[in-house]
Amino acid sequence: MFEIDWRGLLLPFAYLVVLGGTFMTFSTVYRKRKALQSANLAPWFGPHLQRNIYLSLLHMEPEEGQEKAPKVPESVIRAALLRRAVEDIHRIIQIRTAKTACSSLLQRGSVGDDLWQRFQRAEKEMEDELRDVVMEANAIVPGWGQIIFQSANEIAANKAFRDRLDEIEEQTEREKEWWEKRRASIKNEFMKELEEEEKSQAKAGSEDEPVLVETSTPSATPSGSSKKKKGGKK
Amino acid sequence: MGAEYAYDEEGYLWPFFVFTLTLIITVPLTFLLVKRSRDPAASLQRIQTSFKHAHTDTVDALRKRDKRKDRKLWLILAVITGWAVIGYMLYLIQTTEAPTQKLWNPYDILNIPESATEKQIKSTYKKLSLKFHPDKAKPDPSKNETMDDLNARYVEISKAYQALTDEDVRNNYIMYGNPDGKQGYSINIALPKVIVSDGNGKYVVLLYSALFGVLLPYLVGSWWYGTLRRSKEGVLMESANRLFREYKDNIDEGGVVAALSTGKEFEELFKGDKSDSGLSKVESRIFAEGALSPLAGGLSVKDKERLENLDSGPQRKALALLWAYLGRIELDDPTLEKAKFAVAPIAHALNKSFTAISLAYMNTGPLLASYYASQNLIQAMPPKSSPLLQLPYFTPAVVKAVEGDSRIHTSIQAFMDRPDAKRRSLVVGKGLLTDEQYREAVGVAKQLPFLRVAKAFFKVTGERFIIPSSLVTLVVKGRFVPPGSENVPEVNPADLEDIDPAEDDLDAILGRKTKKQIGKDEKTGKPIMEESAGSDEPILAPLAAAPYFARDHSPRWNVFLTDSKQGRVAVPPFTFAQFDKPIFEQDGRTPTFAMQTLKAQFQAPPHAGHYTFVMHVVCDSYVGFDTKMEVTLIVEEAEKAAKMAVEDEISEPEEDSLAGIMNAAKGGAPPQPKKRKPQKEEEEEESDEESGTDDEDDDTSATNTDTEPEN
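In this text the structure is predicted, and so the values were computed from the model without any measurement.

Draft legend 1. Expanded view of the sheet that holds strand E8 (residues 557-563) of chain B. Residues and elements named next belong to chain B. The strand order across the open sheet formed by four strands is E9-E8-E12-E13, and the pairing between neighbours is antiparallel. Looking along the sheet, the strands with just one partner apiece sit at the ends: strand E9 (568-576) and strand E13 (627-635). Between one strand and the next, the sheet's axes are offset by a mean angle of 25 degrees, whatever the strand orientation. Relative to E13, strand E12 (residues 609-619) runs antiparallel, the two being bridged by nine bridges. When the bridges of E13 are listed, Phe613 appears paired with Val631.

Structure, rendered in structure tokens:
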């Protein structure tokens, strides 16, 4: 009854096929590229040195020609785990502080989407890492998992404090040096004034002073002042 | 009689269509082009100086190249084509004769004026019918007339007559424009017939699919990926991501400079072997012993380590060149010199992104470091170096002659506050400045826009007290007092007030610019308006005096509040680049000392109490022009504030209404009767004192000439 004009329908079908085909190709290519991109994202943190040390200590391979792997003392393992926890603390602090900043910047369009992806991946990795550390700690000493991060936190805080102290103490030498130079130059100026006053009078006087004046001649001052610039840094 | 759709066969309509379409596209593009090609910096004031350093030409060439980059070839082409098309269409419209369709007008047919009375109409009709009745008139062979023409003419005449006299016909005429009633009409589509004629169909389809299948997706795609490519601050997204990674809570200016060198922009600048060429030379120069700092580049030992730890590549070269730029180090190589001056504007653009990032962390240290890095980049000075280096001809030797061995840097303000003879004796001499150079330097210093803050306080518009969570305005009053200005007038206490606009003064409340009423004409009661010379245009500070920076930069001031105890930013920065009063007189040299008002609104804390903030006013272009002062925000309990307000207002309503009546009697418009004004000011001041927003610090800074700059 119905004569279907297949040839006439060819065009609409071709249209549909082309349309569908285009969409399919586009979406597969797009997805593949996206997946490749996210797979190639650089990790947020660098290699976890402390964890690597700990793991290599735990799984010591026997040396060649020897049957048994060298025995690692328990205390060394525990110290390595603690170091690992300290590093984790650093990383977790970094992640916590960066989180709000990163999300607000992302909303404003100041940073890119892939940064946020990397960030989220790092966050997830850190969660797993923390769980792992707790489990390891419990395996070594039952109950240690509850307090290992507490002690790690204290260690981290102490370390930060010490670093700051060292930084300040480092400056003392330079400050001292600068002050010596400055004092010398001031002294030098005074001595000059004195000398000029004394010039009119007879030459007489101090024994040790001339040496000082000679050492801190103006040629010494430039380096002195350049040191001071350095020390001027707060 | 149906509607008929027809394509434009005669070709008189589609030119209109194309003309309109092209006009819609071309006019905005032309506007864009004109706006772009007009140099916005040209109209701005500049600091007048004839100072030239060894590489002024290089810097100028870079500046020019940057401006040229803004001009886009496609835009010029598009605009030219657009106007050409418009011109052609106008020509077509002019030359093509449109088929005339005259409106049927009975008056014209009867040849009478439209004001004709019925009597006139009748008599005219009679005359005409006598003359033109087919029975009477004979066809005129000379005019090539036939009997039909005569008939038709007579029918027309009688129709016209009926239209003017017969009720029904007249109605038809009024409603449809024709005495016969509704006419069939045709609608013409303003497209040429060519596009639907046989054989052209496939081309039209091709064009259509090219337009919608190729061009549209391409445009949308390029726009979308374009927005993804660059961050809001206009740097490459990848650079912004790297900067985010480089952020550290304890970063200093040197660290910011190192962070900026990670920008992807530098990778594009130093492609291929450009990344290593001359690197060792640059490094040896910046690590040489400097006159003012241990290293000539002005970098600290930490910065040096940072640089040496980098793999050689674009980043290392960018960082080395940045330090060479900051230390103003001579590289003796035109290519390297050019690169040295080219990296600074890029770093400055990246720094905007870094500022946004450090702002997201809300820590004061990195934010300030970022601002200081911006100052250093614009002025080509190493971090923590003497502000005096900003003055022309000031070499490290000159700076040392001024500062001696002191470790506290002399600011330009302090230097210029010294008596002329004294500062001249310090800097003029052999190996230092010549007399001429000294005059030039002082001339420039006297034009630098140093914003001296006179007062800063908080208020809530229309309220006397600041209650929790209200919208507080931070009002900063200050004057531009260039260093070394003489005869600075005293601060007028009236200028320090910030008077709320009256409640019925809508213009002021909505922020519209109006002339300020300064008085009232006694007789007529008309308000006398203040003469505001060019106050409609926002006033910008002169372009930053930055002879080494290869961009024109308009200085900006950032005002923000920090919590000094926690080292956090309490109120994020408000940026001011425009001011309400002129900074310099017409000659561009003489300061006006006009009181500028900077206002920033933010939300008050949700709890009552005293909040002490440190207010920073940081200029992004000049070193040592920053102001740091303590301000206290007093937030009162809502109930207490309401009670105090009621107690104070007991006697007010009567006066208020009296004033209102007087005001109305005088004829009304002026919102503030003169009489009441002093009292209002008094109130304002009182509330300021009560809320204690202007503490000692502010008061001293109002009179003291040198507001302690931060550092």
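Draft legend 2. Molecular detail of the packing of aromatic side chains. Scanning the entire structure with this criterion turns up 22 aromatic pairs over all chains. Both rings, one in Phe26 of chain A and one in Tyr30 of chain A, keep their centres 5.8 Å apart while their planes meet at 15 degrees; by these two values the pair is stacked. Residue Phe26 of chain A and its partner Tyr30 of chain A are both found in helix H1 (residues 6-39); the two are separated by four residues, about one turn of the helix. Relative accessible area serves as the criterion here: at 35%, Tyr30 of chain A is assigned to the partly exposed category. Members of the aromatic cluster, each reached through a chain of ring pairs, are Trp44, Trp116 and Phe119 of chain A together with Phe244, Tyr247, Phe354 and Tyr361 of chain B.

Draft legend 3. Inspection of the pairing of strand E4 (residues 471-480) of chain B at higher detail. All names here are of chain B. In terms of burial, E4 is a largely internal element, nine of the 10 residues being buried. The pairing of strand E3 (residues 451-459) with E4 spans eight bridges and is antiparallel. The residue of E4 that forms the bridge with Lys455 is Lys477. Alignment of E4 against strand E11 (residues 595-603), held across nine bridges, turns out to be antiparallel. When the sheet's bridge partners are listed, Leu474 is paired in E11 with Ala600.

Draft legend 4. Unusual backbone geometry, seen in detail. All names here are of chain B. The backbone phi angle of Lys384 is positive, close to 60 degrees, even though this residue is not glycine. On the accessibility criterion, Lys384 (25% relative accessible area) is partly exposed. The phi angle at Tyr393 is positive, at roughly 70 degrees, despite the residue not being glycine.

Draft legend 5. Structural view of the packing of helix H14 (residues 314-326) of chain B against helix H15 (residues 334-361) of chain B. Residues and elements named next belong to chain B. Relative orientation of the contacting elements H14 and H15 amounts to 95 degrees, with a least axis distance of 8 Å. As judged from the angle between their axes, H14 and H15 are roughly perpendicular. Along the contact surface, H14 presents Lys317, Leu321, Leu322, Ala324 and Tyr325, while H15 presents Leu336, Ala339, Lys340, Phe341, Val343, Ala344 and Ala347. Its residues placed into classes, the contact of H14 with H15 shows 10 nonpolar, no polar and two charged.

Draft legend 6. Focus on H15 of chain B. All names here are of chain B. If you check H15, its first and last C-alpha atoms are 41 Å apart, about what 28 residues at 1.5 Å a residue would give, namely 40 Å. Counting buried positions over the 28 residues of H15 gives 23, a clear majority of the element. Near the N-terminus of H15, the side chain that reaches the backbone nitrogen of Thr335, with its oxygen 3.1 Å away, is that of Asp333. A positive phi of about 60 degrees marks Met362, the residue just after H15.

Draft legend 7. Just the UniProt feature "transmembrane region" (unreviewed entry) in chain B, in detail. All names here are of chain B. Residues given the UniProt feature "transmembrane region" (unreviewed entry) here are residues 12-34, 73-93 and 203-225. Taken end to end, residues 12-34 is 91% helix and 0% strand, and its first and last C-alpha atoms sit 33 Å apart. Counted over residues 203-225, helix gives 100% and strand 0%. Its end C-alpha atoms are 31 Å apart.

Draft legend 8. Spatial organisation of the side chain of Glu440 of chain B. By secondary structure assignment, the location of Glu440 of chain B is in helix H20 (residues 435-445). In contact with Glu440 of chain B, not counting residues within four places along its chain, are Gln48, Thr49, Ser50, Phe51, Pro392 and Tyr393 of chain B.

Draft legend 9. Layout of the side chain of Asp303 of chain B. When you line up the elements, Asp303 of chain B lands in helix H13 (residues 301-308). For Asp303 of chain B, a relative accessible area of 4% gives the class buried.

Draft legend 10. Representation of a negative patch on the surface. Negative charge collects at one region of the surface, where Glu189, Glu193, Glu195, Glu196, Glu197 and Glu198 of chain A lie side by side. Within the fold, Glu189 of chain A resides in helix H5 (residues 148-200).

Draft legend 11. The arrangement of the pattern of salt bridges in detail. Across all of its chains, the model carries 24 salt bridges over all chains by this definition. Glu283 of chain B serves as the salt-bridge partner of Arg316 of chain B, at 2.6 Å between the closest nitrogen and oxygen. Here Arg316 of chain B, found in helix H14, pairs with Glu283 of chain B, found in helix H12 (residues 279-287); they are 33 residues apart in sequence, far enough to count as distant. In this structure, Arg316 of chain B and Glu283 of chain B share a single accessibility class: buried. Through salt bridges with shared partners, a single network forms among Arg51, Arg84, Glu129 and Asp132 of chain A.

Draft legend 12. Seen up close, a positive patch on the surface. All names here are of chain B. Together, Lys64, Arg65, Arg68, Lys69, Arg229, Arg230, Lys271, Lys274 and Lys338 make up a positively charged patch on the protein surface. With four residues, the top contributor of residues to the positive patch is helix H2 (residues 56-70). Looking at where Arg65 falls in the secondary structure, it is placed in helix H2.

Draft legend 13. Structural detail: the UniProt feature "transmembrane region" (unreviewed entry) in chain A. Under the feature "transmembrane region" (unreviewed entry), the UniProt entry names residues 12-30 of chain A. Between the C-alpha atoms that bound residues 12-30 of chain A the distance is 27 Å, and the span itself is 100% helix and 0% strand.

Draft legend 14. How the structure looks around helix H3 (residues 73-95) of chain B. All names here are of chain B. Relative to the 33 Å expected for 23 residues at 1.5 Å per residue, H3 spans 33 Å between its end C-alpha atoms, a close match to the ideal helical length. Of the positions making up H3, those classed as buried are Leu75, Val79, Gly82, Ile86, Met89 and Leu92. Of the surrounding elements, those touching the buried residues of H3 are helix H1 (14-37).

Scoring rules and cut-offs
- Residues numbered from 1 in each chain as written.
- Chains lettered and ligands numbered in written order.
- Predicted model: local features only at pLDDT ≥ 70, side-chain atom pairs only at ≥ 80, totals over all residues.
- Heavy atoms only, no water.
- Pairing = 2+ DSSP bridges.
- Helix = DSSP H or I, 4+ residues; strand = E, 2+ residues; numbered from the N terminus.
- Axes fitted to C-alpha atoms, helices over the stretch in contact; angles between N-to-C directions.
- Phe/Tyr/Trp six-rings, centres within 6.5 Å; stacked < 30°, edge-to-face > 60°.
- Buried < 20%, exposed > 50% of the residue type's maximum accessible area, 1.4 Å probe, protein only.
- Parallel < 35°, antiparallel > 145°, perpendicular 65-115°, else oblique.
- Contact = heavy atoms within 4.5 Å.
- Nonpolar A, V, L, I, M, F, W, Y, C, P; charged D, E, K, R; others polar.
- Expected span 1.5 Å × (residues − 1).
- Polar contact = N/O pair within 3.5 Å; in protein donor to acceptor, adjacent residues only side chain to side chain.
- UniProt positions renumbered as here; feature names shortened; annotations may be inferred.
- Patch = residues over 30% accessible without salt bridge, like charges linked within 9 Å, V, L, I, M, F, W, Y side chains within 5 Å.
- Areas by Shrake-Rupley, 256 points an atom, 1.4 Å probe, with all protein chains shown as cover.
- Salt bridge = Lys/Arg side-chain N within 4 Å of Asp/Glu carboxyl O.
- Lys, Arg positive; Asp, Glu negative; His and termini not counted.
- Charge placed at Lys NZ, Arg CZ, Asp CG, Glu CD.

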